[in-house]
Amino acid sequence: MYEKVTAYLGKLKPAHWKYPENQGDGSNENLYIAGWPEYDETTKEFMHKMYEFVPNGGQNYDEVIYKATGFDGHDELTKVDVSKLDGDTILYMIFSRVRGERFSDGLFGSYVADGTMDKWLNRLKEIDESK
């Protein structure tokens, strides 16, 4: 059921940060330009496809996550015990990190780097294997 998502298990990579070559000093004449995250093709593909994978087009994902976990702070999602969560809730959690990338550069990559994303994908794999 979740094979299209779990196919990315172990393949996602954190972002590499890019910075302009001629960095400014912060003055009005020579503005400082912040860096930006750059993801590899596989990770970008996964992030893009999450819009297809997530149930109900991802509508109300924050509400679904809160009902299932009791957490409304996104930093707390790394602490969630996913062993009892259903697959749709896991998909919403992943989707919330994809959406969060739009507002916080590098957010998705931080969940990849700390192992949380693989933990969530492993839970989806367990659900598939239990059927």
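Heads up: the structure comes first, above all this text.
What you see is a predicted model; the values in this text were computed from it and never measured. Within each chain, residue numbers correspond to sequence positions counted from 1 in written order. A pLDDT threshold of at least 70 governs which residues receive local features in this predicted model, and a stricter bar of 80 or more applies before side-chain atom pairs are shown or counted, although totals over entire chains, interfaces and linings include all residues. Only hydrogens and water are removed before side-chain values are computed, so all heavy atoms of the structure are retained for them.

### Notes on unusual backbone geometry
Heads up, the condition is: In DSSP terms, a helix is any run of H or I states spanning at least four residues, a strand is any run of E spanning at least two, and both are numbered starting from the N terminus. Residue exposure (1.4 Å probe, protein chains only): buried if accessible area is under 20% of the type maximum, exposed if over 50%, otherwise partly exposed.
You will see that N56, though not glycine, has its phi angle at about 55°, which is positive. For N56, the location among the structural elements is in the loop between α2 (41–53) and α3 (61–69). The exposure class assigned to N56 is exposed, which follows from its relative accessible area of 52%. Of note, N60 is a non-glycine position whose phi angle comes to about 60°, a positive value. Take N60: it is sitting in the loop between α2 and α3. Overall, N60 belongs to the partly exposed group, its relative accessible area being 47%.

### Looking at the side chain of R123
Defined as follows: Pairing of N or O atoms within 3.5 Å defines a polar contact, subject to two protein rules: one partner must be a possible hydrogen donor and the other a possible acceptor, and residues neighboring in sequence count only if both atoms are side-chain atoms. Contact between two residues is taken to exist if any of their heavy atoms lie within 4.5 Å; hydrogens are not considered.
With respect to the helices, strands and loops of the structure, R123 is situated in helix α6 (residues 116–129). Here the side chain of R123 touches S83 through a polar contact of 3.2 Å, landing on its backbone oxygen. Not counting the four nearest positions on each side in its chain, R123 is found in contact with V82, S83, K84, L85 and I90.

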